[in-house]
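Chain by chain, the residues:
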Amino acid sequence: MTLSHETDKALLRLLDRAEISDVQLRYATGTDSRDWALFRSCFADEVDVDFSAGFGQPAVRLAADDWVAMTAPRMESFTATQHMITNHVVTFDDDDHATCVAYERASHHLPNSTGGSDQTVYGYYTNRFERTPDGWRIAGLTLTALWMTGNFGIFQTALAG
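Predicted model, so just to flag it, every value in this text is computed and none were measured.

Asks: Give a detailed account of the overall build of the protein, specifying residues and quantitative values.
Replies: Looking only at helices and strands, the protein has 5 helices and 6 strands in total. For the protein, the N- to C-terminal ordering of α and β elements is α-α-β-α-β-α-β-β-β-β-α. The principal-axis extents of the C-alpha atoms in the protein amount to approximately 65 × 25 × 25 Å. Looking at the protein residue by residue over its 161 residues, the buried ones come to 39%. Considering only residue pairs separated by 6 or more positions, the protein has 60% of its internal contacts joining residues 24 or more positions apart.

Asks: Account for the environment of Cys-42, naming residues and giving values.
Replies: Along the polypeptide, Cys-42 turns up in the loop between helix 2 (36-40) and strand 1 (43-51). As a C-alpha pair, Cys-42 and Ala-64 span 22 residues in sequence and 9.2 Å in three-dimensional space. Not counting the four nearest positions on each side in its chain, Cys-42 is found in contact with Val-23, Arg-26, Tyr-27, Arg-137 and Ile-138.

Asks: Tell me what's going on with unusual backbone geometry, and back it up with residues and numbers.
Replies: For Arg-34, which is not a glycine, the phi torsion comes out positive at approximately 60°. Counting through the fold element by element, Arg-34 comes out in the loop between helix 1 (5-33) and helix 2. A positive phi angle is found at Asn-87, which is not glycine, with a value near 55°. Within the secondary structure, Asn-87 is located in strand 3 (residues 80-94).

Asks: Outline helix 1, supporting the account with residue identities and numerical values.
Replies: Given 3.6 residues to a turn, an α-helix orients residues that are three or four positions apart in the same direction. Helix length check: helix 1, at 29 residues, gives a terminal C-alpha distance of 41 Å against a target of 42 Å (1.5 Å per residue), a fit within 8%. If you check which residues of helix 1 are buried, you get Asp-16, Ile-20, Ser-21, Val-23, Gln-24, Tyr-27, Ala-28, Gly-30 and Thr-31. Just downstream of helix 1, Arg-34 is the residue with a positive phi angle, here 60°.

Asks: Please provide a residue-by-residue account of the environment of Pro-111, values included.
Replies: Along the polypeptide, Pro-111 turns up in the loop between strand 4 (97-109) and strand 5 (118-132). Residues Pro-111 and Thr-79, 32 residues apart in the sequence, show an inter-C-alpha distance of 7.6 Å. When neighbours within four sequence positions are excluded, Pro-111 is seen to be in contact with Thr-79 and Ser-117.

Asks: Describe the pairing of strand 4, naming the residues involved and giving the relevant values.
Replies: As paired elements, strand 3 and strand 4 share 12 bridges and run antiparallel to each other. Among the inter-strand pairings, Ile-85 is bridged to a residue of strand 4, identified as Glu-104. For strand 4 and strand 5, the ladder comprises 13 bridges, and the chain directions are antiparallel. By the bridge assignment, Arg-105 is partnered in strand 5 with Tyr-122.

Criteria and thresholds
Sequence order sets the numbering: in each chain, residues are counted from 1 along the sequence as written. The predicted origin of the model limits local features to residues at a pLDDT of at least 70 and limits the giving and counting of side-chain atom pairs to 80 or more, whereas totals for whole chains, interfaces and linings rest on all residues. Values shown for side chains rest on all heavy atoms present in the structure; no hydrogens or waters enter the calculation. Under the DSSP-based scheme used, a helix requires at least four consecutive residues in state H or I and a strand at least two consecutive residues in state E, with every element numbered from the N terminus. For every residue, the accessible area obtained with a 1.4 Å probe (protein chains only) is divided by the maximum for its type, and the residue is called buried under 20%, exposed over 50%, and partly exposed between those limits. Working rule for contacts: check all heavy atoms of both residues, and any pair within 4.5 Å makes them a contact. Any helix carries an expected span of 1.5 Å times its number of residues minus one. Strands are labelled as partners when DSSP assigns at least two bridges between them.

If you want it as structure tokens, here you go:
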């Protein structure tokens, strides 16, 4: 059976969507399992990071290795985290560039003396993807926090500990 050119393109697009979703899931799994090699595998060599909505951090462009080096100690300072990334909506700019908007729920747990042990961020990621020789990778990571519950002070406690 020979597939048409249109069918071939449609199948490749489905494979691209699946790979992009897998990258999003590796991002969450790498974070929560503290597998920083897995986490690093999600990114192009340079990444634009924007966590300004909800966290007040300015958007930055940095080497992916530096992003991992900044993220690891923050996440490791919590007793546990759980990041859930769902409802992936992938749009393609062309064959090598795409955007994935996905819901995000990030729970952070740290027993402490400042109040509750838990804090949860609800929002969505708008991630820009590029096809690289190693597959699809995140080139732009934007978190939009819509609301938060729990003890936001555990972030300061975690970083101070």
